[in-house]
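Structural overview for review
Residue strings, one per chain:
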Amino acid sequence: MPAVVIIGAQWGDEGKGKATDLLAEHIDYVVKFNGGNNAGHTVVIGNEKYALHLLPSGILTPGVTPVISNGTVIDLGVLFEEIDALNARGIDTSRLRVSANAHVITPYHVTVDKVTERFLGKRAIGTTGRGIGPTYADKINRVGIRVQDLFDPSILQQKVEAALVQKNSMLSKVYNRAAIKADLVVAELLSYADRVRPMVADTALELHQAIQAGKLVLFEGGQATMLDVDHGTYPFVTSSNSTAGGASTGSGIGPAEFKTVIGIVKAYTTRVGAGPFPTELFDENGEFLRATGHEFGTTTGRPRRCGWYDAPIARYSARINGVTDFVLTKLDVLTGLPEIPVCVAYEVDGKRIDEMPVNQTDFHHAKPIYQNFAGWTEDISKARTFADLPKNAQDYIVALEAMSGARISAIGVGPARDAIIVRHDMLAG
Ligand code: GDP
Ligand code: IMO
Ligand code: MG
């Protein structure tokens, strides 16, 4: 079972590091295949808490080789800051491999991200402001800067100048901003070249060889299914493919290698930024989930929007990603609620629908149809087997499993690495 994918099955922040931790002792390689420093992963190991943005959370596992593959966008300043911070805490990052084909986030991408969001006003997407969208836009427009361009200063200069022609015209004429000087951008990018050079590799080839040799390669998705640029709630999405298919195009590993697809779902739902969210709560229950679950963004610190579990979204994610196993996180956060509603279907214009609506407009209007489950008051944070859980918590899990489209193989009961109940060996297939 060499290639395993982990993806977020909701709108992100499901606790994807939990599944990585669970498999840690078996992992040889961990690959970030999409997104950039818009991700925010908080991982708790013993008394230590780590917040990672660009590096995959598997980097915290000793002996693992971390890879940032071609599907990502890299802010090199942030990369080095993150490496330095981890090194200062004794984490070895020396094995890190970076794809020569990954795209580079430059200062002008960050500027364009912030300026366009500001000018969208009420229609803003609520991006993380890290330059993600503009960098992917340049990639698709074929005016992007790749890591390998840093090693050819004259090509880099030409590419930066070409990319700035349109942007500077837009910044100065449309947005009334100062134009950005190509020379300054080039100088900044070149200042990173020597440090990144030894990390740069043909990551597609290395990963292929690792898989051939029977090594376990874990592909760690950033963001989530509902933020995927093709399958999410467009335009309120990120600009990459954060679904399982993105692991293939984003790394250069053929689709047939991916046999295990682990979807991470929270026992409730959260979302950061704008866009439709049918089960969103605006009452004290929403406040309860936010406070108890510490639902504040790792990257931007924004309060996360909170709501009940949405089974049609889980089913949709199971289907779009080919989920073989779900890891359900944060069950402990629900402790103390007398009743736990679960969205089982939607009502759209008076009709019941069991799937994600095809039209975004319908999704904006979709009203959740709830089924209520009895809550529990017992502390479940020490539970390590399914049998340790109170009957009502067991019933909640069994019901979610029946309506979510794949088996629930592990259950998170606290932030710590070992606060997890394993029901099925996900690597055994
Ligand atoms: P990611 O973006 O999917 O990596 O998730 P984040 O790190 O942004 O958010 C998940 C948060 O939930 C982190 O602070 C984790 O430490 C925490 N967490 C993960 N699993 C559990 C769990 O089972 N229970 C509780 N209470 N917290 C958890
Ligand atoms: P992790 O990996 C939650 C959201 C932003 C915004 C939209 C577009 O921690 O789950 P972008 O900056 O990517 O162009 O913003 O996507 N978003 C996330 N929300 N978790 C994330 O990552 C996110 N990455 C981006 O809030 O709505
Ligand atoms: Mg996060």
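Check the entry above for the structure.
Residues numbered from 1 in each chain as written. Chains lettered and ligands numbered in written order. Predicted model: local features only at pLDDT ≥ 70, side-chain atom pairs only at ≥ 80, totals over all residues. Heavy atoms only, no water.

1. Considerations on the environment of Val-323
In this structure, Val-323 sits in the loop between helix H10 (311-321) and strand E15 (325-329). You can call Val-323 buried: its relative accessible area is 8%. For the pair Val-323 and Asp-230, spaced 93 residues apart in the sequence, the C-alpha separation amounts to 17 Å. In this view, Val-323 contacts Ile-7, Val-261, Gly-263, Ser-317, Ala-318 and Ala-406; residues no more than four positions away in its chain are not counted. (Helix = DSSP H or I, 4+ residues; strand = E, 2+ residues; numbered from the N terminus. Buried < 20%, exposed > 50% of the residue type's maximum accessible area, 1.4 Å probe, protein only. Contact = heavy atoms within 4.5 Å.)

2. Quick look at the coordination of the magnesium ion (ligand 3)
The protein atoms donating to the magnesium ion (ligand 3) are Asp-13 (OD) and Gly-40 (O), with metal-donor distances spanning 2.0 Å. Within this pair, whereas Asp-13 is found in the loop between strand E1 (3-8) and helix H1 (16-23), its partner Gly-40 is found in the loop between strand E2 (29-32) and strand E3 (41-45), the two being separated by 27 residues in sequence. Judged by relative accessible area, which is 23%, Asp-13 ranks as partly exposed. (Donors = N, O, S within 2.8 Å, 3.2 Å for Na, K, Ca; no water.)

3. Considering helix H9 (residues 284-292)
Considered for burial, the residues of H9 that qualify are Gly-286, Leu-289 and Arg-290. Around the axis of H9, the buried residues are gathered within 95° of arc, so they sit on the same side. On its buried face, H9 is in contact with strand E13 (305-307). One side-chain oxygen at the N-terminal end of H9 lies 3.0 Å from the backbone nitrogen of Asn-285; it belongs to Asp-283. (Arc of directions from axis to C-beta. Polar contact = N/O pair within 3.5 Å; in protein donor to acceptor, adjacent residues only side chain to side chain.)

4. So, the site of ligand 2
Taken together, 20 residues lie around ligand 2, and Asp-13, Lys-16, Asn-38, Thr-128 and Thr-238 are the ones closest in. Within the side chain of Lys-16, one N or O atom sits 2.8 Å away from an oxygen atom of ligand 2. Residue Gln-223 places a main-chain N or O atom 2.9 Å away from an oxygen atom belonging to ligand 2. Within the complex, the protein chains bury 97% of what would otherwise be the 550 Å² of accessible surface of ligand 2. (Near = heavy atom within 4 Å. Areas by Shrake-Rupley, 256 points an atom, 1.4 Å probe, with all protein chains shown as cover.)

5. Thoughts on the site of ligand 1
Lys-16, Gly-40, His-41, Thr-42 and Asp-332 are the nearest of the 17 residues found near ligand 1. Taking Asp-13, its side chain carries an N or O atom lying 2.9 Å from an oxygen atom of ligand 1. Taking Val-413, its main chain carries an N or O atom lying 3.3 Å from an oxygen atom of ligand 1. Considered on its own, ligand 1 offers 590 Å² of accessible surface; in the complex 91% of this is hidden by protein. For the shell around ligand 1, the elements supplying multiple residues, two or more each, are H1 and E3.

6. Notes on the sheet that holds strand E11 (residues 258-266)
One open sheet accounts for ten strands, arranged E9-E7-E5-E2-E10-E1-E11-E15-E19-E20; its pairing is mixed. Either end of the sheet is taken by a strand with one partner, and the two such strands are strand E9 (200-201) and strand E20 (420-422). Of the strand pairs in this sheet, E1 and E11 are connected by six bridges, and their pairing is parallel. By the bridge assignment, Gly-8 is partnered in E11 with Ile-264. (Pairing = 2+ DSSP bridges.)

7. Some thoughts on the pattern of salt bridges
Tallied over the full model, the rule gives 20 salt bridges. With its nearest N and O atoms 2.8 Å apart, the salt bridge here joins Arg-195 to Asp-84. You can see Arg-195 sitting in helix H6 (residues 182-196) and its partner Asp-84 sitting in helix H2 (residues 76-88), a full 111 residues away along the chain. For Arg-195, a relative accessible area of 35% puts it in the partly exposed group. Under the relative-accessibility criterion, Asp-84 is labelled partly exposed at 40%. Among the ionic pairs, Arg-197 bridges to Asp-194, the shortest N-O distance being 3.1 Å. (Salt bridge = Lys/Arg side-chain N within 4 Å of Asp/Glu carboxyl O.)

8. What about the nonpolar core?
Nonpolar side chains tend to gather and get buried jointly when the protein is soluble and globular. One finds Phe-219, Leu-331, Leu-334 and Tyr-396 to be the most contacted residues of the largest nonpolar core, which totals 57 residues. Take this core: its biggest share by element is six residues, from helix H12 (residues 391-404). Setting aside anything within four residues of it in sequence, one finds Leu-334 in contact with Ala-267, Tyr-268, Leu-289, Ile-340, Trp-376 and Tyr-396. The next biggest cluster of nonpolar side chains, apart from the first, holds 40 residues, and it includes Tyr-50, Val-78, Val-160 and Leu-171. (Core = buried A, V, L, I, M, F, W, Y, C linked by side-chain atoms within 4.5 Å.)

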